Amino acid sequence: MNKRIAGISPSLTLGVTSKAKQMKADGIDVCSFAAGEPDFDTPDKIKEMAKEALMAGETKYAPVAGLAALRLAISKKLESENGLSYGPDQTLVSIGAKHSLFNIFMTICDEGEEVVIPAPYWLSYPEMVNVAGGVPVFVEGSEENDYKITADDLEAVITDKTVAVVINSPSNPIGIVYTGDELRALAEVAVRHDIYIVADEIYEKIIYDDAEHVSIGSLSCDIFNKTITVNGFSKAWSMTGWRLGYFAGPLDVVKGATALQSHSTSGATTFAQYGAIEALREDDGSVGKMLEAFAERRSYMYGRLSSMEGVTCVKPMGAFYMLPNISATGVGSLEFCEKLLEEAKVAAVPGAAFGCDKNIRLSYACSMENISEGLDRLEKFMGSL
Ligand code: PMP
Ligand code: GLU
């Protein structure tokens, strides 16, 4: 067994989600807060376009880096919505943003090189860096700074082995949204040390109140040159099962990653890419409707958690997760979630998976009924501990 592979633990987000789905299929009344996917269907116009492409015989290999029309659409989207001027040749379409990130770390990391990852973090970043032979280096933002890392925090962990820092805004699992000024301060440190900024912007459209999404690469020419921007179709258009994501970045990184992809997956599914072109074509209001539903659930869930005995919670400004702190119970997050599922039939992801064992992650990408019933059960469970 390859040592790097032997060291990986399977994704807990996917693991808990599928366990809860299986329990439901077995007739068990589970309230699941596990899923990191919107509970809406993919908008019809996107499905129609993919269906048309399928029926028109678009069933052969696509170019490795993606259909030319999709790469052009991505390049235009990044320019008009994000202020990023990547040419189509600076984009690579992959099998989900997860695959994009995997390709990036494989491309930019040499053995023993370090990638800075702010904690709490999305659980796949460190595993991907490990598989690439790199070393994840965690940095924690302070509670007073809403768990955001500062330029000083970043500066303090950079060594001569550092090759990149990951900035995930809006973030999974805590919903942090960095302001333009905060991003600029972080980016200036990265530029000074000549390291890449891997900007995971997959939740860019899911933001609340007066939060604003700023693409870090749009802040200056120097910053742009060091930024690799990651995005995808899973979250904004509820296309998790389509497996389509992309990144845009410096030409040599794109070329390297494309060569890697040419020997692993080849291009993404051809007819699915036509659906993605349609997703980027014009806003049909579906993203806005989804956002309205998320905003209502967020308010409700935050209100309930804030008033729950033994629980504290940061109000998320983006994405669709909450990360209540359950440390007052004295129980670690793995044991807490195991008991919660067994005894209260509520599925949540242990914070330990995201580098925060004091917390559990609840996704509110599920119905209000599920949220209300699940929180009733959680409250009762907390009382029983
Ligand atoms: N980045 C973050 C922060 C995520 O939460 C996810 C989870 N879906 C991804 C990337 C990857 O998404 P996908 O592979 O479905 O595009
Ligand atoms: N990213 C989502 C989550 O954090 C989906 C599952 C995954 O790919 O990790 O739950």
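Look up a bit, the structure's there.
What counts as what
Position labels on residues start from 1 in each chain and follow its written sequence. The naming scheme follows written order: chains are lettered A onward, ligands numbered 1 onward. With the structure being a predicted model, the display of local features is reserved for residues of pLDDT at least 70 and the display and counting of side-chain atom pairs for 80 or more, all residues being used for whole-chain, interface and lining totals. Only heavy atoms go into the side-chain values, all of them from the structure, while hydrogens and water stay out. Whether a residue is near a molecule or strand depends on its heavy atoms: if one lies within 4 Å, it is near. Here a polar contact means two N or O atoms within 3.5 Å. Within protein one must be a hydrogen donor candidate and the other an acceptor candidate, and residues neighboring in sequence count only if both atoms are side-chain atoms. Under the scheme applied here, ten amino acids are nonpolar (Ala, Val, Leu, Ile, Met, Phe, Trp, Tyr, Cys and Pro), four are charged (Asp, Glu, Lys and Arg), and all others, including Gly, are polar. For each residue, the accessible area found with a 1.4 Å probe, counting protein chains only, is set against the maximum for its type, and the residue is called buried under 20%, exposed over 50%, and partly exposed in between. Where helices and strands are cited, they refer to DSSP runs of H or I of at least four residues and of E of at least two residues respectively, numbered from the N terminus. Strands are treated as partners if at least two bridges between them are detected by DSSP. We get accessible surface area from the Shrake-Rupley algorithm with a probe of 1.4 Å; when it comes to residues, only the shown protein chains can shield them. Salt bridge, as applied in this entry: a Lys or Arg side-chain nitrogen positioned within 4 Å of an Asp or Glu carboxyl oxygen. Nonpolar side chains (Val, Leu, Ile, Met, Phe, Trp, Tyr) are joined into patches within 5 Å and like charges within 9 Å, using only residues with over 30% relative accessible area and no salt bridge.

A. Local environment of the site of ligand 1. Around ligand 1 lies a shell of 14 residues, among which Ala97, Asp200, Tyr203, Ser234 and Lys235 are the nearest. For ligand 1, a nitrogen atom lies 2.6 Å from a polar atom in the side chain of Asp200. Between Arg243 and ligand 1, the recorded distance is 2.8 Å, taken from a side-chain N or O atom to an oxygen atom. Considered class by class, the residues forming the shell around ligand 1 number six nonpolar, four polar and four charged.

B. Just the pairing of strand S12 (residues 360-363), in detail. Burial along S12 is two-sided: the face carrying Ile360 and Leu362 and the face carrying Arg361 and Ser363 are both buried. Taken together, the two bridges between strand S9 (residues 321-322) and S12 define a ladder with antiparallel strand orientation. Its bridge partner lying in S12, Met322 is registered against Leu362.

C. Structural detail: the site of ligand 2. Every residue close to ligand 2 is listed here: Thr13, Leu14, Gly36, Lys98, Trp122, Asn172, Lys235, Tyr321 and Arg361. Side-chain polar atom of Thr13 to an oxygen atom of ligand 2: 2.7 Å apart, as the coordinates give it. One nitrogen or oxygen atom from the side chain of Asn172 is found 2.9 Å from an oxygen atom belonging to ligand 2. Against a free-state accessible area of 280 Å², the protein chains account for coverage of 88% of ligand 2.

D. Just the pattern of salt bridges, in detail. This structure, assessed with the given rule, holds 19 salt bridges. A salt bridge links Glu373 to Arg377; the nearest nitrogen and oxygen atoms lie 2.8 Å apart. Taken together, the residues span about one helical turn, with Glu373 and Arg377 both in helix H14 (residues 368-384) at a distance of four residues. What you see here is one network of salt bridges that share partners, running through Lys77, Glu81, Glu204 and Lys205.

E. Looking closely at a nonpolar patch on the surface. Among the surface-exposed residues, Met1, Ile5 and Ile8 lie close enough to one another that they form a single nonpolar patch of about 330 Å² accessible area. Residue Ile5 is classed as partly exposed on the basis of its relative accessible area of 39%.

F. Representation of unusual backbone geometry. Cis geometry marks the peptide bond from Ala119 to Pro120; its omega dihedral reads 0 degrees. Mapping Pro120 onto the fold places it in the loop between strand S3 (114-119) and helix H6 (124-131). Following Ser169, the chain continues into Pro170 via a peptide bond in cis, with omega recorded as -10 degrees. Here Pro170 shows up in the loop between strand S5 (162-168) and helix H8 (180-192).

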